[in-house]
Amino acid sequence: MASVSIQHVTKQFGTTTVLRDFNEEFRDGEFVTLLGPSGCGKTTMLRMIAGFERPTSGEIRIGETLVSGEKTFVPPEQRGIGMVFQSYAVWPHMNVFSNVAYPLQIRHTARKETEDRVNRILEVVHLAQYAKRLPNQLSGGQQQRIALARALVAEPELLLLDEPLSNLDAKLRESMRFEIKELTRKLGITVVYVTHDQTEAMAMSDRIFLINNGIVQQSGTPEEIYNHPANPFAADFLGKVDFFEGTAGNGKIHLTAWNADLPDPEGQASGPVQVAVRPENILLGGPGEGIPGVMTRMYYLGDSTDCRVRVGETEIRVIGDGFAYHRFREGEEVSLTVRSYRVFSGENVEEQLKIRT
Ligand SMILES: Nc1ncnc2c1ncn2[C@@H]1O[C@H](COP(=O)(O)OP(=O)(O)O)[C@@H](O)[C@H]1O
Ligand SMILES: [Mg+2]
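Being a predicted model, the structure only gives us computed values, none of them experimental. (Residues numbered from 1 in each chain as written. Chains lettered and ligands numbered in written order. Predicted model: local features only at pLDDT ≥ 70, side-chain atom pairs only at ≥ 80, totals over all residues.)

Our next topic: the domain arrangement of the protein. By the assigned domains, the protein splits into domain 1 (4-234), domain 2 (243-275 + 346-357) and domain 3 (279-339). Contacts between the two partners involve five residues from domain 2, matched on the other side by six residues from domain 3. Considered class by class, the residues forming the side of domain 2 that touches domain 3 number four nonpolar, one polar and no charged. (Domains from an automatic or database assignment. Contact = placed C-beta atoms within 7 Å. Nonpolar A, V, L, I, M, F, W, Y, C, P; charged D, E, K, R; others polar.)

Right, here's the structure in full:
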């Protein structure tokens, strides 16, 4: 069993609090991602799970075992964890086989068993035919897979990955996402993955823990966070969003700049609100089909069309499908329908976007 239980963990460096009362459970076999802007405390959390850093207060359990507590501290090598960091180090003078065999050799695993296990894991990461090569004879993605194989060869129940794809080019990064996801699913291991890249987090995770300022802002499946962001920060960090000021009352939201009303989805809001709208959730139509506006700009992106529509004095971003480029013209009258949005109370969205403590 490799569930991870983090109970009321706080971490301070000197007088700075980096993580505050982190209190979450990661389930056995789950792929969880710690997502957030640079400096929000992701690596620090991972290093505490690994045992390279001690919490200032709180407890960490791996499975049933208390590994970090007031009077307990299990060192990293006894935690049974596999790890790959951003600057994955493969030994340049050792061939692929020896690089991957290393963790077994330092445990004095028998030679035959070492061979079997290394060969098996090299098959899994599609490197079997390169076993005798030196790392510098391989591509960046292949070298990254050496690091992954080395982390997996000892068959850890828990794998910690800290921005392992950030040094790779875009295409490779995309294919490695799926490889890591499939591989760890096949092996049934629990993965705690750290990234600041929201697309990567969305593509890979069973659950995302979105962190800002040392606090978990929201946790949930990618779909939950994307469609039901808990606060403006969450709405803004995952995907594209624009905020519009409005006034709520009587089950309606009046959008000031649009001079239009939207239904209040929960019927509860009153007073000043901020309405978060994703540009792909605004539908374009011909004149008279919705809120009137004028198409001012269209950018053809192939699979989509990035548009600006002027409503009153406001330019609104609308992402239409690829065909929108051919259906509409710049300067033409169009109409907008907002199919989905979130309402947050309060006037000053800038404040809410910054920091919530
Ligand atoms: N050993 C340390 N001593 C002092 N400050 C640290 C130390 N490690 C990290 N920090 C600080 O803690 C904060 C969080 O860092 P980190 O966990 O690396 O963030 P992330 O991985 O999310 O970018 C940063 O402000 C960083 O400067
Ligand atoms: Mg980091």
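Close to ligand 1 lie Phe13, Val18, Gly36, Ser38, Gly39, Cys40, Gly41, Lys42, Thr43 and Thr44. Looking at which element gives the most residues to the shell around ligand 1, the answer is helix α1 (residues 42-50), with three residues. Considered class by class, the residues forming the shell around ligand 1 number three nonpolar, six polar and one charged. (Near = placed C-beta within 6 Å. Helix = DSSP H or I, 4+ residues; strand = E, 2+ residues; numbered from the N terminus.)

Let us now look at the pairing of strand β1 (residues 4-13). Relative to strand β4 (residues 57-62), β1 runs antiparallel, the two sharing five bridges. Directly across from Thr10, in β4, lies its bridge partner Ser57. Note: β1 against strand β2 (residues 16-26), seven bridges, orientation antiparallel. In the strand pairing of β2, Phe13 is matched with Thr16. (Pairing = 2+ DSSP bridges.)

This part covers the sheet that holds strand β11 (residues 242-249). One open sheet accounts for five strands, arranged β13-β12-β11-β14-β20; its pairing is antiparallel. The strands lining the two open edges of the sheet, one partner per strand, are β13 (260-263) and β20 (342-345). Neighbour-to-neighbour, the strand axes of this sheet turn through a mean angle of 40°, independent of strand direction. For strand β14 (residues 271-277) and β20, the ladder comprises four bridges, and the chain directions are antiparallel. Its bridge partner lying in β20, Ala276 is registered against Arg342. (Axes fitted to C-alpha atoms, helices over the stretch in contact; angles between N-to-C directions.)

Among the residues of helix α2 (residues 96-105), those classed as buried are Val96, Phe97, Asn99, Val100 and Ala101. Among the structural elements, α3 (111-124) and α4 (140-152) are those in contact with the buried residues of α2. (Buried ≥ 20, exposed ≤ 12 C-beta atoms within 10 Å, placed from the backbone.)

A separate point is the environment of Gly286. Within the element layout of this structure, Gly286 appears in the loop between β15 (282-285) and β16 (291-300). Overall, the presence of 12 C-beta atoms within 10 Å leaves Gly286 in the exposed class. It is 64 Å that separates the C-alpha atoms of Gly286 and Lys132, two residues lying 154 residues apart in sequence. Residue contacts for Gly286: discarding those within four places in its chain leaves Val334 and Ser335.

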